[in-house]
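# Coordinate inspection notes
For reference, the chains in residue letters:
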Amino acid sequence: MTIREFTTISITSTSNSNFDRFIFLESTTSTNDEARRLGIEGAADGTIVVAKKQTASRGRLGRKWESPSGGLWLSMISRIPAGADENITRVSLAAGVAALAALDRIFESLGVTGSRPGLGWPNDLLVADKKIAGILCEACFEGSGPFVVVGVGVNLNNSAALLPPEIAGMSISARDIAGAEFPRGSALAEIAAALDNVIPLVLQSNEAWSKVLEKWRDRCILLGREVALSSPGAARTKAVAVGIDEFGRLIARDSDGSERAIEYGETTLSR
Ligand code: BT5
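All values reported here derive from a predicted model rather than from experimental measurement.

### Description of helix H1 (residues 31-40)
Buried within H1 are the following residues: Thr31, Asn32, Glu34, Ala35, Leu38 and Gly39. Across the axial projection of H1, the buried residues extend over an arc of 160°, all falling on one side. Buried residues belonging to H1 abut strand S1 (22-28), strand S2 (48-54), strand S3 (72-79), strand S6 (130-140) and strand S7 (147-154). With a side-chain oxygen lying 3.1 Å from the backbone nitrogen of Asn32, the N-terminal cap of H1 falls on Ser30.

### Focus: the pairing of strand S9 (residues 237-244)
Where strand S8 (residues 226-230) lies against S9, four bridges are found, and the strand directions are antiparallel. Residue pairing in the sheet places Leu229 in a bridge with Thr237 of S9. Hairpin remark: S8 followed by S9, antiparallel, with six residues in the connecting loop; positive phi at Gly233, about 80°. Between the end of S9 and the start of strand S10 (residues 250-253), which pair antiparallel, lie five residues, with Gly248 showing a positive phi angle near 85°.

### Let's talk about the nonpolar core
Counting 65 residues, the largest nonpolar core has Leu74, Leu125, Ile132, Val152 and Leu195 as its most contacted members. The dominant element in this core, judged by the number of residues it contributes, is helix H2 (residues 90-109), at 12 residues. Excluding anything up to four places from it in sequence, Leu195 contacts Leu74, Met76, Ala95, Ala98, Val150, Val152 and Pro200. The next biggest cluster of nonpolar side chains, apart from the first, holds eight residues, and it includes Leu38, Ile77, Cys140 and Phe147.

### Digging into the site of the ligand
As a structural note, the neighbourhood of the ligand is formed by 26 residues, with Ser30, Arg60, Arg63, Lys131 and Asn155 the closest of them. Note that a nitrogen atom of the ligand is positioned 2.9 Å from one of the side-chain N or O atoms of Gln54. Interatomic distance of 2.8 Å between a side-chain N/O atom of Asn155 and a nitrogen atom of the ligand. Alone, the ligand offers 790 Å² of accessible surface; in the complex the protein occludes 92% of this. Here the ligand occupies the largest pocket. When residues of the shell around the ligand are traced back to their parent elements, those giving at least two are H1, S3, S6 and S7. Ranked by residue count, the leading element in the shell around the ligand is S6, at four residues. The residue inventory of the shell around the ligand, partitioned by class, reads seven nonpolar, 12 polar and seven charged.

The rules behind the values
- Residues numbered from 1 in each chain as written.
- Predicted model: local features only at pLDDT ≥ 70, side-chain atom pairs only at ≥ 80, totals over all residues.
- Heavy atoms only, no water.
- Buried < 20%, exposed > 50% of the residue type's maximum accessible area, 1.4 Å probe, protein only.
- Helix = DSSP H or I, 4+ residues; strand = E, 2+ residues; numbered from the N terminus.
- Arc of directions from axis to C-beta.
- Contact = heavy atoms within 4.5 Å.
- Polar contact = N/O pair within 3.5 Å; in protein donor to acceptor, adjacent residues only side chain to side chain.
- Pairing = 2+ DSSP bridges.
- Core = buried A, V, L, I, M, F, W, Y, C linked by side-chain atoms within 4.5 Å.
- Near = heavy atom within 4 Å.
- Areas by Shrake-Rupley, 256 points an atom, 1.4 Å probe, with all protein chains shown as cover.
- 1 Å grid on protein atoms, 1.4 Å probe; cavity = no way out; pocket = protein on both sides within 12 Å on 5 of 7 lines; lining within 4 Å.
- Sits in = over half its atoms within 2 Å of the grid points.
- Nonpolar A, V, L, I, M, F, W, Y, C, P; charged D, E, K, R; others polar.

This is the structure in structure tokens:
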């Protein structure tokens, strides 16, 4: 663990703003696994596990997530208040919007003006159609649950060119864009603050959720574009992404003009 690396933290949010919430690990299988384990044991709401290295990090549907050193790999425990279970599905999209807000601030600090990050569905973060960050939210009802583990992976100071060849061309990092590194401690503080400002609110408030949806629509890079859609158990199809509904489902328009709401699955931009 390198404490020095994290000494530039300046938390701006009002809740959970104590250093004790952070657990820094040199290496772990997946910060989501570690956060889940700690959450089951009763770790406080807002606890964040950060690792320099993950040996078995994953994306959605069991896909592999590459986490070389220099990136920011973290998972936050977000406890579900009584009566808010039905709002759990909001967390994933909300985490994307929060990570986007943090990336905006990071880009601003780095003096990046020409490249603005945007959102894919359900919650990829992309710059120039290349993936800069991904989100993996996993709900847990065991032990002292329910809680959601909000996993965020950001290509920060790693170079996308060094990722495996099959994904290098589709990926990008903040350093690639800015040509300069951003302190990981400060990036962590930005993401923690942004998650604090969004996740607890969307679990409790329909108004906060509406704002997340508004932001999401505003910064989505897919709307009006043709995407390849794949959902578990369904054939891959092409359609135009036209919006998201109030449940966060993607609205896709087929070539015959009919529209459908996609609840689970993923989108890839047609190239
Ligand atoms: C995601 O899944 O994008 C969610 C990634 C979440 C990673 C964080 S890191 C901290 C926490 N601990 C974990 O174990 N996970 C979370 P998905 O939408 O399924 O995208 C996965 C796909 O992204 C892969 O199949 C690759 O094509 C691509 N990919 C993998 N590593 C990448 C990287 N570093 N940068 C850009 N793309 C990557």
